[in-house]
Amino acid sequence: MNVSTAQLAAAREVANELFDILGLRAYLFEVEPQDGEWLIQVECPVDEGWMTTNLYVDHDLLIQSKDKQAVRDQLLQQWGEQLILCHRNV
């Protein structure tokens, strides 16, 4: 699947918003298209230093989470569980 620059920018924007909602204190991330999914590689501080986690999400699902609260809640739940060790804002 070919991904346009605009689609990649939109995916990055939505992912960044979700990380902010999760309250991650600090993080770095990259978004890459991969076989109908987005691969989002996240680095965040943990007690032992930094942790890297790969998140996979369907292309359309990530973009839908911008406007559909149920989809957003689903991703926040999943990502929150996967990023449980990351330091959060209080």
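Residues numbered from 1 in each chain as written. Predicted model: local features only at pLDDT ≥ 70, side-chain atom pairs only at ≥ 80, totals over all residues. Heavy atoms only, no water.

Visitor: Summarise the sheet that holds strand S2 (residues 37-46); cite the residues concerned and give the values.
Guide: As summarised here, the arrangement of the 3 strands in space is S1-S2-S3, forming an open sheet in which the pairing is antiparallel. Edge positions in the open sheet fall to strand S1 (28-34) and strand S3 (49-58), since each of these has one partner strand only. Between one strand axis and the next, the sheet turns by 20° as a mean value, whatever way the strands run. Judged from the 10 bridges that link them, S2 and S3 form a sheet pairing that is antiparallel. (Pairing = 2+ DSSP bridges. Helix = DSSP H or I, 4+ residues; strand = E, 2+ residues; numbered from the N terminus. Axes fitted to C-alpha atoms, helices over the stretch in contact; angles between N-to-C directions.)

Visitor: Can you explain the packing of aromatic side chains? Please cite residues and give values.
Guide: For the coordinates displayed, the defined rule picks out 4 aromatic pairs. Seen in terms of ring centroids, tyrosine 27 and phenylalanine 29 are 6.1 Å apart; in terms of plane orientation they differ by 40°. Their pairing is tilted. The class of tyrosine 27 is buried, set by a relative accessible area of 17%. Phenylalanine 29 sits in the buried class, given a relative accessible area of 11%. Seen from the ring of phenylalanine 29, arginine 12 lies directly overhead, with NZ or CZ sitting 4.5 Å from the centre. (Phe/Tyr/Trp six-rings, centres within 6.5 Å; stacked < 30°, edge-to-face > 60°. Buried < 20%, exposed > 50% of the residue type's maximum accessible area, 1.4 Å probe, protein only. Lys NZ or Arg CZ within 6 Å of the ring centre and 35° of its normal.)

Visitor: I'd like a description of the pairing of S1, backed by residues and values.
Guide: Where S1 and S2 come together, 7 bridges link them in antiparallel fashion. Its bridge partner lying in S2, glutamate 32 is registered against leucine 39. Adjacent in sequence and paired antiparallel, S1 and S2 are bridged by 2 residues, among which aspartate 35 carries a positive phi angle near 50°.

Visitor: Could you give an account of the side chain of arginine 72, with specific residues and numbers?
Guide: Take arginine 72: it is sitting in helix H3 (residues 69-82). Classification of arginine 72 as buried rests on a relative accessible area of 12%. Within the structure, the side chain of arginine 72 is placed 3.0 Å from the backbone oxygen of serine 65, a separation counted as a polar contact. With residues up to four places along the chain from it excluded, the contact list for arginine 72 reads Glu17, Leu18, Ile21, Ser65 and Lys66. (Polar contact = N/O pair within 3.5 Å; in protein donor to acceptor, adjacent residues only side chain to side chain. Contact = heavy atoms within 4.5 Å.)

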